[in-house]
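# Topology and contacts: notes
One letter stands for each residue in the lines below.
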Amino acid sequence: MTNNCKMAEQLIELRLIDLLSDEQHSLLNQHLVSCIACATNLQSLDQSMTALKESSDHPGISAAYREKLHARLLDELSDVLIHDDQPTAHQRCLPLIWD
Amino acid sequence: MSNDLLFDTCTVQSKTIFIASDELCPSPTSLLTGTQLAPNKKQYNEIYEERLVERFRQGDAVALTSLFEMYVDRAFGLARSLTGSREDAEEIVSEAFLKAFRNAANYRGDAPFSVWLFRIVRNLSFDRIRQRQLVLMDYLDEKDADPRGSSESERARDHDVRTSLAEMTDEYREVLILCDVEEWDAVETANLIGKTPAATRSLLYRARRALRDNLSKRWSEDI
């Protein structure tokens, strides 16, 4: 591994965590064009991240469960909630101004 | 139309409109004075969340609904990715919201509601994983039963990734799931796992390399 490769390794780390400046980006690209080892290193890191992302893709929470859970929360927390016909403390503290 | 009504309509129908809500998020000039910088979107969200929690404490059910809508998808995604099981994730999210709302109603802690909520989700997920003996098999079984169509090569890739993840340390697996699967930023992840953002970024890089090394080994063996 050359000194340039060591520098490229550090730049690749910065690139993967989105902290690479434009100048550093251009330095890294210059090195990658001439160094197959570093280019392969970066490519394999990108590939594994893509594989992780794609294989972990899953449907989100279902609408039916979301609704059920919301209803359950309202029910189980009814002791701390004020019913619709009662004013909240926020509403109670509003001054009444009549013309 | 009262401010309350405006607030209710805005927050229930949209997750983003609260940014522009004067009632909940005062303009930068009304919030800040002197040389302070205007708050960014994240700070606005924190202010908004604080106000919702305050209204929930006063018994406002709409505030509960708004907080629920703000975080239910991320909470579910986190639990689903950590446990690898939809059923577990549903139970965890349900328990976590109840605990977080109870906590918000009864205590005035330093941590924001969302941080409380996600920490509860994380702890419950780890409890669930520890309870299970066959985490890896659960991962694979569930993926194999995935109703969505996928090719044989995609199934093989998914199997390799999940096996690699299952073989990693909890620390590496968690940071990969948070940052690369759930797309949390380094600061959010750091808040959750109790590290600095710099330490989190470093951990993430090491975890990505470990995953790459593991996958490269598997894929070279397959050839």
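Our structure's up above, just so we're on the same page.
This report concerns the structure included in the present document. (Residues numbered from 1 in each chain as written. Chains lettered and ligands numbered in written order. Predicted model: local features only at pLDDT ≥ 70, side-chain atom pairs only at ≥ 80, totals over all residues.)

Our next topic: the overall build of chain A. In terms of regular secondary structure, chain A is built from five helices and zero strands. Starting at the N terminus, the α and β elements of chain A follow one another as α-α-α-α-α. Per-residue burial over chain A gives 14% buried out of 99 residues. (Helix = DSSP H or I, 4+ residues; strand = E, 2+ residues; numbered from the N terminus. Buried ≥ 20, exposed ≤ 12 C-beta atoms within 10 Å, placed from the backbone.)

So, about helix α6 (residues 113-131) of chain B. Taking 1.5 Å as the rise per residue, α6 of chain B with 19 residues should run 27 Å; its terminal C-alpha atoms sit 27 Å apart, in good agreement. Against α3 (41-57), α4 (61-83), α5 (86-106) and α10 (186-193) of chain B lie the buried residues of α6 of chain B. (Expected span 1.5 Å × (residues − 1). Contact = placed C-beta atoms within 7 Å.)

Let us now look at the environment of L117 of chain B. Residues and elements named next belong to chain B. Here L117 is to be found in helix α6. Using a count of 27 C-beta atoms within 10 Å as the deciding quantity, one classes L117 as buried. For the pair L117 and A75, spaced 42 residues apart in sequence, the C-alpha separation works out to 7.8 Å. Sequence-distant contacts of L117, that is, excluding residues within four places in its chain, are made with Y71, A75, A96, F97 and A100.

Let us now look at the environment of Q30 of chain A. Residues and elements named next belong to chain A. For Q30, the position within the fold is in helix α2 (residues 22-34). Taking the number of C-beta atoms within 10 Å as the measure of exposure, Q30 has 12 and is therefore exposed. Here the alpha-carbon distance between Q30 and A8, two residues 22 residues apart in the chain, equals 9.8 Å.

As a further point, take the interface of chain B and chain A. Contacts between chain B and chain A engage 38 residues on the former and 31 residues on the latter. Residue assignment for the side of chain B that touches chain A shows that the elements contributing at least two residues are α4, α5, α8 (152-167), α9 (170-181) and α11 (197-222) of chain B. The biggest single contributor to the side of chain B that touches chain A is α4 of chain B, with 10 residues. Grouping the amino acids of the side of chain B that touches chain A by side-chain chemistry returns 18 nonpolar, seven polar and 13 charged. (Nonpolar A, V, L, I, M, F, W, Y, C, P; charged D, E, K, R; others polar.)

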